[in-house]
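Coordinate inspection notes
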Amino acid sequence: NGLSQKGMNQGRQIEEWMRKNRPFIPKHVFSSPKKRCLETAQFVCNAFSLELEILSELDEQAPSETEHEFKLRIQRLIESPYFLNHSVFCSHGDVLPEIAQILGKPHLSIQKGNLFIEMKGSITSINPIKL
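This report concerns the structure included in the present document. What you see is a predicted model; the values in this text were computed from it and never measured.

**Some points on the overall build of the protein chain**
Regarding its fold elements, the protein chain presents four helices and five strands. For the protein chain, the N- to C-terminal ordering of α and β elements is α-β-α-β-α-β-α-β-β. Residues classed as buried in the protein chain amount to 41% of the 131 residues present. Within the protein chain, residue pairs in contact and separated by at least 24 positions form 58% of the contacts whose partners lie at least 6 positions apart. Put simply, the protein chain shows about 7,300 Å² of open surface, and 51% of that area lies on carbon and sulfur atoms.

The structure is reproduced here in structure tokens:
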């Protein structure tokens, strides 16, 4: 499914917040291949005139994937060259908490509309929709 009208409005809020506040200038915007993630991430791309980069590793856990396989996939993502400084990641409610856990940041807020922003090896979570 794609974004609802509410999701589109929230995406515009994220884009506007990123343009106005410029918490950093991303070099990469990575997204899961799922339509809602792609549409959401495009708003961040628009704010910085970047091309969207799709990573299958950011996709949610597949029904055929064991918990162990899923965790290994996320670990490989973190260790890969894709996991770069100054990146924005758009993913799912099972992937983002796993990234936070592996990086020793289990306290990061995992809510719809939150952005995980990675800068210089550190990840923070912000929610421009609630600001």
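Once you've had a look at it, read on.
**Some thoughts on the packing of aromatic side chains**
Summed over all chains, the structure comprises one aromatic pair. Both rings, one in Phe30 and one in Phe89, keep their centres 5.5 Å apart while their planes meet at 20°; by these two values the pair is stacked. With Phe30 in strand β1 (residues 28–31) and Phe89 in strand β3 (residues 87–90), this residue pair connects regions lying 59 residues apart in the sequence. Both residues of the pair, Phe30 and Phe89, count as buried.

**Examining the pattern of salt bridges**
Summed over the entire model, instances satisfying the criterion amount to six salt bridges. Among the salt bridges present, the one from Lys34 reaches Asp59, with a minimum N-O distance of 3.0 Å. In this pair, Lys34 sits in the loop between β1 and α2 (35–48) while Asp59 sits in the loop between β2 (52–54) and α3 (67–79), placing the two residues 25 residues apart along the sequence. Lys71 serves as the salt-bridge partner of Glu98, at 3.3 Å between the closest nitrogen and oxygen. Taken together, the residues Glu98 in helix α4 (residues 95–102) and Lys71 in helix α3 connect sequence positions 27 residues apart.

**Here's the deal with the nonpolar core**
Within the largest apolar cluster, 13 residues are counted, with the highest numbers of intra-cluster contacts made by Met18, Val29, Val44, Phe48 and Val88. Looking at this core, the elements with two or more residues in it are α1 (5–21), α2 and β3. With six residues, α2 is the single largest residue contributor to this core.

**Overview of unusual backbone geometry**
Phi at Ser49 is positive, roughly 55°, even though this residue is not glycine. Within the secondary structure, Ser49 sits in the loop between α2 and β2.

**Details of the side chain of Glu98**
On the basis of relative accessible area, Glu98 is assigned to the buried category, the value being 11%. In this view, Glu98 contacts Phe70, Lys71 and Ile74; residues no more than four positions away in its chain are not counted.

Conventions we followed
Residue numbers restart at each chain and count upward from 1, following the sequence in its written direction. At least 70 in pLDDT is required for a residue's local features to be given in this predicted model, at least 80 for side-chain atom pairs to be given and counted, and no such filter applies to totals for whole chains, interfaces and linings, which use all residues. Each side-chain value is derived from all of the structure's non-hydrogen atoms; neither hydrogens nor water enter the calculation. Counting from the N terminus, the helices are the DSSP runs of H or I reaching at least four residues and the strands are the DSSP runs of E reaching at least two. Only protein chains enter the accessibility calculation, which uses a 1.4 Å probe; a residue is then buried when its area is under 20% of its type maximum, exposed when over 50%, and partly exposed in between. By definition in these notes, contact holds between two residues if any of their heavy atoms fall within 4.5 Å. Areas reported here follow the Shrake-Rupley algorithm with a probe of radius 1.4 Å; residue values treat only the protein chains shown as occluding. Note on aromatic contacts: the rings of Phe and Tyr and the six-membered ring of Trp form a pair at centre separations within 6.5 Å, being stacked when their planes are under 30 degrees apart, edge-to-face when over 60 apart, and tilted otherwise. Salt bridge, as used here: a side-chain nitrogen of Lys or Arg that lies within 4 Å of a carboxyl oxygen of Asp or Glu. In these notes, a set of buried Ala, Val, Leu, Ile, Met, Phe, Trp, Tyr and Cys residues joined through side-chain atoms within 4.5 Å is what counts as a nonpolar core.

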